Amino acid sequence: MTEATGGIEMEEDSAGKVKKFLYVNRKAPYGTIYALESLEVVLIAAAFDQEVSLAFLDDGVYQIVKGQHTKPIDVKNFSPTYRALEGYDIEKLYVEKESMEARGLKQEDFLVPVKVIGAQEMSALMDSQDVILSF
Amino acid sequence: MKLGILINEGPYTHQASDTAYLFTKAAIEKGHKIHRVFFYNDGVYNSSRLTEPPQDDRHVVNRWQKLAKDHRIDLVVCVAAALRRGIKDENLQEGFRISGLGQLIETGIQSDRLVTFGD
């Protein structure tokens, strides 16, 4: 069992196969554990050399908003981890325009570079993927 | 078709595990192969050996165990999510095994479809 790849030996038959993985984040960063545990999957996935993209929709757009202060609710602020994704070659981050605008947010409010796309484009993006993991 | 199943919610509170079970059973009956069933988030609670529902209710945990035994299905519980929620080998139901998130990614790579059951 190898730590970095979460129990999978890379020599197994998954080696060499590259699929498009899209992680769909729909929920606020705090209040439920979905955002944090989604990010944990993304970090493990980085070791598998797959084509990884992240999408932020609905309240999920709040996951990457700048200036998160979680001390008063005694929960770890894990938002700096999104900045580390670049180091894992995970650079395709998409925000749904409608979700962003409905919450009064702008592209400058995010702590990582993102591509803002409309719902229709998001739908096409999802359609082009092999595996979608929605949290 | 080779299918991967991901379950993200615990038993009884949420229907996800019930629906996943019925889907998996139906898929097998139709001749599809199940590459793996992976339990994540509160889904890890589906593996607790300590589960004791009322006699007149379905036993979600044992139902998975039986399906896995009858059809040799790999039931994998995420180690990080399990430890966070107090699921360990000593209270893990027979037929389940605890392993890493890599098993989920591998399921995505190897299966023709990965089907998620969650909120």
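Parameters at a glance
Residues numbered from 1 in each chain as written. Chains lettered and ligands numbered in written order. Predicted model: local features only at pLDDT ≥ 70, side-chain atom pairs only at ≥ 80, totals over all residues. Helix = DSSP H or I, 4+ residues; strand = E, 2+ residues; numbered from the N terminus. Rg over C-alpha atoms; globule rule 2.2 N^0.38 Å. Buried ≥ 20, exposed ≤ 12 C-beta atoms within 10 Å, placed from the backbone. Contact = placed C-beta atoms within 7 Å. Pairing = 2+ DSSP bridges. Axes fitted to C-alpha atoms, helices over the stretch in contact; angles between N-to-C directions. Right-handed = clockwise from strand over helix to strand, strands pointing away. Expected span 1.5 Å × (residues − 1). Arc of directions from axis to C-beta.

Draft legend 1. Spatial organisation of the overall build of chain B. Scanning chain B from N- to C-terminus turns up four helices and five strands. Secondary structure elements in chain B, listed N-terminal to C-terminal, are β-α-β-α-β-α-β-α-β. Over its C-alpha atoms chain B spans a radius of gyration of 13 Å, differing by no more than 12% from the 14 Å that the globule rule assigns to 119 residues. Projected onto its principal axes, the C-alpha positions of chain B cover 35 × 30 × 25 Å. For chain B, buried positions account for 48% of its 119 residues. Nonlocal contacts in chain B, meaning residues at least 24 apart in sequence, comprise 74% of its contacts between residues at least 6 apart.

Draft legend 2. Main features of the interface of chain A and chain B. In this assembly, 21 residues from chain A lie in contact with 17 residues from chain B. Those elements that place two or more of their residues in the side of chain A that touches chain B are α1 (34–45) and β5 (131–134) of chain A. Per-element tally for the side of chain A that touches chain B: the top contributor is α1(A), with six residues.

Draft legend 3. Up close: the sheet that holds strand β2 (residues 51–56) of chain A. Residue and element names in this part refer to chain A. Strands sit in the order β4-β3-β2-β1-β5 across an open sheet of five strands; the sheet is parallel. The strands lining the two open edges of the sheet, one partner per strand, are β4 (115–117) and β5. For this sheet, the mean inter-axis angle between neighbouring strands, taken without regard to orientation, is 25°. Of the strand pairs in this sheet, strand β3 (residues 92–96) and β4 are connected by three bridges, and their pairing is parallel. Across the sheet, Glu96 pairs through a bridge with Ile117, a residue of β4.

Draft legend 4. Examining the pairing of strand β1 (residues 2–7) of chain B more closely. Residues and elements named next belong to chain B. Of all six residues making up β1, five are buried, and the element is well covered by its neighbours. By the bridge criterion, six bridges tie β1 to strand β2 (residues 33–39) in an arrangement that is parallel. Directly across from Lys2, in β2, lies its bridge partner Lys33. Note on the crossover from β1 through helix α1 (residues 16–29) to β2: the handedness is right-handed. Bridging between β1 and strand β5 (residues 113–117) involves five bridges; their strand directions are parallel. Along β5, the bridge assignment pairs Ile7 with Phe117.

Draft legend 5. Focus on the sheet that holds strand β3 (residues 75–78) of chain B. Residue and element names in this part refer to chain B. Across the sheet, which stays open at both edges, the five strands sit in the order β4-β3-β2-β1-β5 with parallel pairing between neighbours. Two strands bound the open sheet, and with one partner strand each, they are β4 (96–99) and β5. Strand-to-strand twist of the sheet, defined as the mean angle between neighbouring strand axes without regard to direction, takes the value 25°. Strand contacts of α1: β1, β2 and β5, with the helix running at about 170° to β1, the strand carrying the most contacts.

Draft legend 6. Inspection of helix α2 (residues 60–71) of chain B at higher detail. All names here are of chain B. Here α2 spans 17 Å end to end across twelve residues, near enough to the 16 Å set by a 1.5 Å rise per residue. Along α2, the positions that sit buried rather than exposed are Val61, Trp64 and Gln65. Seen end-on, α2 carries its buried residues on one side only, within an arc spanning 100°. Exposed residues on α2 whose side chains face more than 90 degrees from its buried face are Lys66 and Asp70. Of the surrounding elements, those touching the buried residues of α2 are α1 and β3. Where α2 terminates, the next one or two residues include Arg72, which has phi positive at roughly 50°.

Scope: geometric values only; no functional claims are made or implied.
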